[in-house]
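Reading the structure
Residues per chain are reported as follows:
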Amino acid sequence: MPGLNSEIWAIVVTHNRRELLRAALAAIERQSHPPDRVLVVDNASSDGTPEMVRGEYGEVELLALTSNEGGAGGFHEGMKEAYRRGAEWLWLMDDDTIPRANALAELMAAADRAAHLGPRLLASKALWTDGQLHPLNVPGIERERLARIVSGAELRLLPITTATFASLLVSRSAVARHGLPAKHFFVWSDDIDYTSRVLRDDPGFLVPTSIVEHRTESAYAHVCAPPERFYFHVRNTLYLLRDRLDRPREAAYLGWELVSSITRYLRASSEPTRAMRSILRGLRHGLRRLPPDSARYPFREGAEHG
């Protein structure tokens, strides 16, 4: 496994949030163990984001997409570019993720400490603006594979089964073996889908000493989203559920999460008719045929394995 001297790329995906991106880039600049390269993937922003990056952060590379491909498409394209150019570790984050000064150093120290276990993913602990754990970034905790739990405990790491892209360190070997995030998710659930695929067979850990602040507008962003955006939560959760019918426990949890989140959303909505239309549309589209594996998980066939 690559260790502390391996090339690290920070990949930040953004869309029309120039000021948040500026704060994220400033925090990356302050890292005690800085990344070797920083790549901003801009989803066709119209608020001056590309000009700000070029004018204020000359060392930062900009991948300007011609259309908004969502977080899923942004991470897909950013990871593909970093992998193509030889990155050994890919440090993923949204434009509203503000890492503490030692966040990357702690991730890399954990990678070095756990090198004999071959971790594919290492996740930071994400807090919301109130200083508490961000409820949408709590990773899935390993509860079944005892050997992995014990190995993690010995290294002061917590084995996980899923994680989000709010400060996630991805190894080159994970991309080689499992491909890239699926673009068709657009927003939400692409990270859960991707990390669950990687961690189904390969180890990954939460690093509690690596801390970031995830500055979402709400701690429960999907429940406060406009109906057109909540549509993606409904559709994508159904995508996840259908993909996991061979894992009854996961499927049952996703079914419960879908029903409970829809219920909460309708109770909180000031426009229940509009909300219901988006929910029904999400359910209808989520039940349609999924894209074939070759479209959902590109870059995997024939890739190097590590």
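Summarised in this report is the structure supplied together with it. (Residues numbered from 1 in each chain as written. Predicted model: local features only at pLDDT ≥ 70, side-chain atom pairs only at ≥ 80, totals over all residues. Heavy atoms only, no water.)

A word on the nonpolar core
With 31 residues, the main nonpolar core has L25, I28, W91, L122 and L169 as its most contacted residues. Residue assignment for this core shows that the elements contributing at least two residues are β1 (8–14), α1 (18–29), β2 (37–43), α2 (49–56), β4 (89–94), α4 (103–113), β6 (121–127) and β10 (204–214). In terms of residue count, α4 provides more of this core than any other element does, six residues in total. Not counting residues up to four positions away in its chain, the partners in contact with L122 are W89, L107, A110, A111, S167, L168, L169, F205 and V207. In terms of nonpolar packing, the next biggest core, distinct from the first, is built from 28 residues, W9, Y83, A176 and V198 among them. (Core = buried A, V, L, I, M, F, W, Y, C linked by side-chain atoms within 4.5 Å. Buried < 20%, exposed > 50% of the residue type's maximum accessible area, 1.4 Å probe, protein only. Helix = DSSP H or I, 4+ residues; strand = E, 2+ residues; numbered from the N terminus. Contact = heavy atoms within 4.5 Å.)

Digging into the layout of surface pockets
Counted as a void, the second largest pocket has a volume near 200 Å³. For the lining of the second largest pocket, the elements supplying multiple residues, two or more each, are α1 and β2. Across the lining of the second largest pocket, the residue classes break down as seven nonpolar, one polar and four charged. (1 Å grid on protein atoms, 1.4 Å probe; cavity = no way out; pocket = protein on both sides within 12 Å on 5 of 7 lines; lining within 4 Å. Points joined across faces, edges and corners; volume = space filled by probe spheres on them. Nonpolar A, V, L, I, M, F, W, Y, C, P; charged D, E, K, R; others polar.)

Quick look at the pattern of salt bridges
Any two side chains of opposite charge can pair if their charged atoms end up close together. As enumerated under the stated definition, the model contains 25 salt bridges in all. Among the salt bridges present, the one from R17 reaches D96, with a minimum N-O distance of 3.4 Å. Here the residue R17 occupies a position in the loop between β1 and α1, and D96 occupies one in the loop between β4 and β5 (97–99), the gap between them amounting to 79 residues. Note that E77 and K80 form a salt bridge whose closest N and O atoms lie 3.5 Å from each other. Residue E77 and its partner K80 are located together in helix α3 (residues 70–84), separated by three residues, close to a single helical turn. By relative accessible area, which is 33% here, K80 ends up partly exposed. (Salt bridge = Lys/Arg side-chain N within 4 Å of Asp/Glu carboxyl O.)

With respect to the side chain of S124
Summarising the element assignment, S124 is placed in strand β6. For S124, a relative accessible area of 5% gives the class buried. Once you skip the residues sitting within four places of it in the chain, S124 turns out to touch L107, S167, L206, V207, S210 and V212.

Some details on the packing of helix α9 (residues 248–268) against helix α10 (residues 272–286)
Relative to each other, α9 and α10 sit at 160 degrees, their axes nearing to 10 Å. Classified by the angle between their axes, α9 and α10 sit roughly antiparallel to one another. At the point where α9 passes α10, the crossing takes the right-handed sense. Packed against α9, whose contacting residues are L258, I262, Y265 and L266, the element α10 presents P272, A275, M276, I279 and L283 at the interface. By residue class, the composition of the contact of α9 with α10 is nine nonpolar, no polar and no charged. (Axes fitted to C-alpha atoms, helices over the stretch in contact; angles between N-to-C directions. Parallel < 35°, antiparallel > 145°, perpendicular 65-115°, else oblique. Left-handed = near helix turned anticlockwise from the far one by under 90°.)

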